[in-house]
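Fold and geometry: a report
Listed here are the chains, written in short residue letters.
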Amino acid sequence: MRLELIRGDITRVDADAIVNAANSALLGGGGVDGAIHRAAGPELLAECRLLRGCPTGQARLTRGYRLPARHVIHTVGPVWRGGADGESALLARCYQSVFALVEQQGFGTVAFPSISTGVYRFPIERAARIALGEIRKALERMPSLEKVTVVLFSDADLETYQRVLSGDGGSS
Ligand code: AR6
């Protein structure tokens with residue numbers, strides 16, 4: 001299986017790159033962003049400062065420093081504002097932007113958190129459908145991609161992703 005869903009802490013995952021659910025300043029924050037910066041060490045923030053931010057839907061690459069992962073791909077998900085503000089398209093674009101970097105760099109393994117479903121309040125089931133749809137497209141398109149891991153932080157989130165993956169994701 002080239003797609004793996006696990007429950008865990010993404011800062012512990014060994015991969016060519018882990019993805020950070022950042023904000024547009026790229027200077028750290030709470031949630032998974034805070035955890036990644038804490039685990040990577042201050043060198044990560046120093047490199048992020050040089051990037052001068054990142055618009056929503058785009059992605060930027062840094063090294064992984066003290067993380068087991070070699071690189072971090074920082075992407076900025078949309079803040080959920082009810083769904084009529086292009087949030088779904090922007091979330092899809094996050095995954096597409098990450099995979100564009102993965103392809104450009106020739107990475108074989110990448111791990112994602114559930115982008116936008118924490119502080120940014122994107123509904124988890126809808127986010128899971130978008131995430132898994134984009135991941136599936138990338139796996140079909142890129143034979144060099146050996147493994148994509150989605151790291152869910154709670155059992156409930158893992159169950160939602162598993163349900164959507166199994167095709168029983170509802171229609172909302
Ligand atoms: N490993 C995997 N997933 C995690 C971890 C972890 N160590 N920690 C949290 N999560 P969030 P967002 C899950 O809020 O919604 C930050 O302050 C978490 O349970 O981290 O995109 C940034 O600086 C949730 O399911 O990101 C931005 O300001 C998922 O990661 C803002 O939050 C994403 O939650 C971005 O909000």
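Now for a look at the structure at hand. Just so we're clear, the structure is a prediction, and the values are computed from it rather than from any experiment. (Residues numbered from 1 in each chain as written. Predicted model: local features only at pLDDT ≥ 70, side-chain atom pairs only at ≥ 80, totals over all residues. Heavy atoms only, no water.)

Take the sheet that holds strand E2 (residues 17-22) next. Taken in spatial order, the six strands of this open sheet run E1-E6-E5-E2-E4-E3, and their pairing is mixed. Either end of the sheet is taken by a strand with one partner, and the two such strands are strand E1 (3-7) and strand E3 (59-63). Across this sheet, the average inter-strand angle for adjacent strands is 25°, counted without regard to direction. Along the sheet, helix H2 (residues 42-51) contacts E3 and strand E4 (71-76); its crossing angle with E3, the most-contacted strand, is approximately 140°. Sheet contacts for helix H5 (residues 155-165): E1 and strand E6 (147-152); angle to E1, the most-contacted strand, approximately 155°. (Pairing = 2+ DSSP bridges. Helix = DSSP H or I, 4+ residues; strand = E, 2+ residues; numbered from the N terminus. Axes fitted to C-alpha atoms, helices over the stretch in contact; angles between N-to-C directions. Contact = heavy atoms within 4.5 Å.)

Another aspect to go through is the site of the ligand. Taken together, 22 residues sit near the ligand, with Asn23, Gly30, Val32, Asp33 and Val119 positioned nearest. Contact between the ligand and Ile10: a nitrogen atom at 3.0 Å from a main-chain N or O atom of the residue. When atoms are counted within 2 Å of each cavity's grid points, the one that captures over half of the ligand is the largest pocket. Looking at the shell around the ligand, the elements with two or more residues in it are E2 and helix H1 (31-40). Broken down by element, the residue count for the shell around the ligand peaks at four residues, all from H1. Per-class residue counts for the shell around the ligand are nine nonpolar, 10 polar and three charged. (Near = heavy atom within 4 Å. Polar contact = N/O pair within 3.5 Å; in protein donor to acceptor, adjacent residues only side chain to side chain. 1 Å grid on protein atoms, 1.4 Å probe; cavity = no way out; pocket = protein on both sides within 12 Å on 5 of 7 lines; lining within 4 Å. Sits in = over half its atoms within 2 Å of the grid points. Nonpolar A, V, L, I, M, F, W, Y, C, P; charged D, E, K, R; others polar.)

The subject of this paragraph is the packing of helix H4 (residues 124-141) against H5. One can describe the packing of H4 onto H5 by two numbers: an axis separation of 9 Å at closest approach and a directional angle of 55°. Here H5 runs oblique to H4, going by the angle between their axes. Seen along the crossing, H4 lies across H5 with a hand that is right-handed. Contacts between H4 and H5 pair Ile124, Glu125, Ala127, Ala128, Arg129, Ala131, Leu132 and Arg136 from the former with Asp157, Thr160, Tyr161, Arg163, Val164 and Leu165 from the latter. Residues belonging to the contact of H4 with H5 are distributed by class as follows: eight nonpolar, one polar and five charged. (Parallel < 35°, antiparallel > 145°, perpendicular 65-115°, else oblique. Left-handed = near helix turned anticlockwise from the far one by under 90°.)

A probe matching the size of a water molecule, rolled over the atoms, marks out where space remains unfilled. The volume enclosed by the largest pocket comes to roughly 560 Å³. Forming the walls of the largest pocket are 25 residues, and the residues nearest its centre are Ala21, Gly31, Val32, Ser114 and Gly118. Looking at the lining of the largest pocket, the elements with two or more residues in it are E2, H1 and E6. Tallied by class, the residues present in the lining of the largest pocket amount to 12 nonpolar, 10 polar and three charged. (Points joined across faces, edges and corners; volume = space filled by probe spheres on them.)

None of the figures reported here should be taken as evidence of function without further support.
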